[in-house]
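Each chain is listed here by its residues.
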Amino acid sequence: MAEPRLGFRILRMDSEDQAGVDRSMEAYHQHLDAFNKTANSDLWKFFYWDFFHDGSVESIEIQGDLKTVVIRLKCPNIKRFKSDNDYEYINVMFQCTSQTVSTLTIQYEKPEHSWDVRRNPTCFLYGEINTASGLSDFGPQEELDEDHHYSLLMLLMADDSVIWLEMIFSQVDVIAEEPTAFALMESDPKFQVPTWSADNET
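Here the structure is a predicted model, which means the values were calculated and not measured.

Let us look at the overall build of the protein. For the protein, the count of helices and strands is 3 helices and 9 strands. A burial count over the protein gives 42% of its 202 residues as buried. Taking all contacts inside the protein whose residues are at least 6 apart in sequence as the whole, residues at least 24 apart take part in 65%. On the protein, roughly 11800 Å² of surface is accessible, and the fraction owed to carbon and sulfur atoms is 48%.

For the structure on display, the rule yields 17 aromatic pairs. Judged by centre distance (6.4 Å) and plane angle (35°), the ring pair of Phe-46 and Phe-182 falls under tilted. Of this pair, Phe-46 sits in helix H2 (residues 41-47) while Phe-182 sits in helix H3 (residues 179-187), and the two are 136 residues apart along the sequence. Pairing Phe-52 with Phe-94 gives two aromatic rings, centres 5.6 Å apart and planes at 80°, and the pair type is edge-to-face. Placement of the pair is Phe-52 in the loop between H2 and strand E1 (55-62) and Phe-94 in strand E3 (residues 86-99), with a sequence separation of 42 residues.

Attention shifts here to the pattern of salt bridges. Counted by the stated rule, this structure contains 7 salt bridges. Across the pair Asp-17 and Arg-23 runs a salt bridge, and its minimum N-O distance is 3.8 Å. The class for Arg-23 is exposed, based on a relative accessible area of 52%. When salt bridges that share partners are traced, they join Arg-80, Lys-82 and Glu-88 into one network.

What follows deals with helix H1 (residues 18-33). Between the first and last C-alpha of H1 there are 23 Å, a value that for 16 residues agrees with the 22 Å anticipated at 1.5 Å per step. Restricting attention to buried positions, one finds in H1 the residues Gly-20, Val-21, Ser-24, Tyr-28, His-31 and Leu-32. What you see down the axis of H1 is that its buried residues fit within an arc of 115°, all on one side. Opposite the buried face of H1, at more than 90 degrees from it, the exposed residues are Gln-18, Arg-23, Glu-26 and Gln-30. Among the structural elements, H2 and strand E5 (122-129) are those in contact with the buried residues of H1. Sitting at the head of H1, Asp-17 places a side-chain oxygen 3.1 Å from the backbone nitrogen of Ala-19.

What follows is about the nonpolar core. With 49 residues, the main nonpolar core has Phe-47, Phe-51, Phe-52, Ile-78, Phe-94 and Phe-182 as its most contacted residues. The greatest single-element share of this core, amounting to 7 residues, is contributed by strand E6 (residues 150-158).

Here we come to the pairing of strand E8 (residues 171-176). Of the two faces of E8, only one is covered, namely that formed by Val-172, Val-174 and Ala-176; the face formed by Gln-171, Asp-173 and Ile-175 stays uncovered. As defined by bridge partners, E3 adjoins E8 across 6 bridges and the pair is classed as antiparallel. What sits directly across from Phe-94, in E8, is Ala-176.

Looking along a regular strand, one sees the side chains alternate between the two faces of the sheet. Most of E5 sits inside the fold, with 6 of its 8 residues counted as buried. Here 3 bridges tie E1 to E5, and the two strands are oriented antiparallel to one another. Its bridge partner lying in E5, Gly-55 is registered against Phe-124. Of the strand pairs in this sheet, E5 and E6 are connected by 7 bridges, and their pairing is antiparallel.

Another aspect to go through is the environment of Asp-42. Looking at the secondary structure, you find Asp-42 in helix H2. Once the C-alpha coordinates of Asp-42 and Trp-196 are considered, the two residues, 154 residues apart in sequence, prove to be 9.4 Å apart. Once residues lying within four places of it in the same chain are set aside, the contact partners of Asp-42 are Phe-47, Val-172, Asp-173 and Val-174. A polar atom in the side chain of Asp-42 sits 2.8 Å from the backbone nitrogen of Val-174.

Thresholds, definitions, all that
Going along each chain's sequence as written, the residues are numbered from 1 onward. A pLDDT threshold of at least 70 governs which residues receive local features in this predicted model, and a stricter bar of 80 or more applies before side-chain atom pairs are shown or counted, although totals over entire chains, interfaces and linings include all residues. Remark: hydrogens and water are excluded; side-chain values derive from all non-hydrogen atoms of the structure. For helices the rule is a DSSP run of H or I covering at least 4 residues; for strands it is a run of E covering at least 2, with both sets numbered from the N terminus onward. For every residue, the accessible area obtained with a 1.4 Å probe (protein chains only) is divided by the maximum for its type, and the residue is called buried under 20%, exposed over 50%, and partly exposed between those limits. Should any heavy atoms of two residues lie within 4.5 Å, those residues are considered in contact. All accessible-area figures derive from a Shrake-Rupley calculation using a 1.4 Å probe, and residue coverage is judged against the displayed protein chains alone. Note on aromatic pairs: the rings of Phe, Tyr and Trp (six-membered ring only in Trp) are paired at centre separations within 6.5 Å, and the planes decide the class, stacked below 30 degrees, edge-to-face beyond 60, tilted for the rest. Put simply, a salt bridge is a Lys or Arg side-chain nitrogen that is within 4 Å of an Asp or Glu carboxyl oxygen. Here a helix's expected span is defined as the number of its residues, less one, multiplied by 1.5 Å. Summarising the geometry, the arc corresponds to the directions from the helix axis toward the C-beta atoms. By the criterion applied in these results, polar contacts are pairs of N or O atoms within 3.5 Å in which, for protein atoms, one can donate a hydrogen and the other can accept it, and in which residues neighboring in sequence qualify only through two side-chain atoms. Here, nonpolar core refers to any group of buried Ala, Val, Leu, Ile, Met, Phe, Trp, Tyr and Cys residues whose side-chain atoms link them within 4.5 Å. Pairing between strands is defined by DSSP: at least two bridges between them are needed.

Worth remembering: the numbers are spatial, not functional.
Right, here's the structure in full:
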C-alpha cells in the first residue's frame, strides 16, 4: 500500500485566497492553544512562528543510535537596527537536535523539470506542530511525562522541488552555533529576534 502523501493538516499556506490563509492560521493557533508550552520549550520558541522561514537547511544527520536527528538550519530573519529607519537582516546558524525520534518520514515531490536539486540549497518554508496522525498512537500522556511525544511537519523546498519532512519525537533542543552571541542579540534592543514566547504572543 502506498504511503499517504504528506501535507499540512491545518495550515493552507498555498491557498490563492489570502482570507483562506488567514483562516487556516487562526485555526492552527487555536490548535496550538490546547498545549502546555512550558515543556519542550524550544519547540514553541523556534517553531510556533516562522523563525526559520526562508532559511537554508545545511544538513540533516541521523545519529548512530538511530533515534537522534540533528538538523542544521540557518535563520535569516533577525534584524539588526542601524538607526531608527534603517536595518539589515543577519544570518545565524542553529543546530536542532530531536531526541527519541519514533518516526521520521521524508517525501519528495518530483519537479516537472529535470534539474539536479542536489545543486540547489534546501530552504525551510513553514512548520506545523502536533498534527501528525501517528501522534495519537502514543496515547494521552501527562505533559511532564518523559515519554510524552510531539510532532513537527516541515515544508522544505529545493529549487522547485517540494520536500515534506515529519518527525515524532520526545524533545527538541535548538542551540545557536554561537550561543553567547545569540544570547546578546536576544537581550539587545538593537536586534529584533522573532522567536515566540508567552510574553510576546500577541
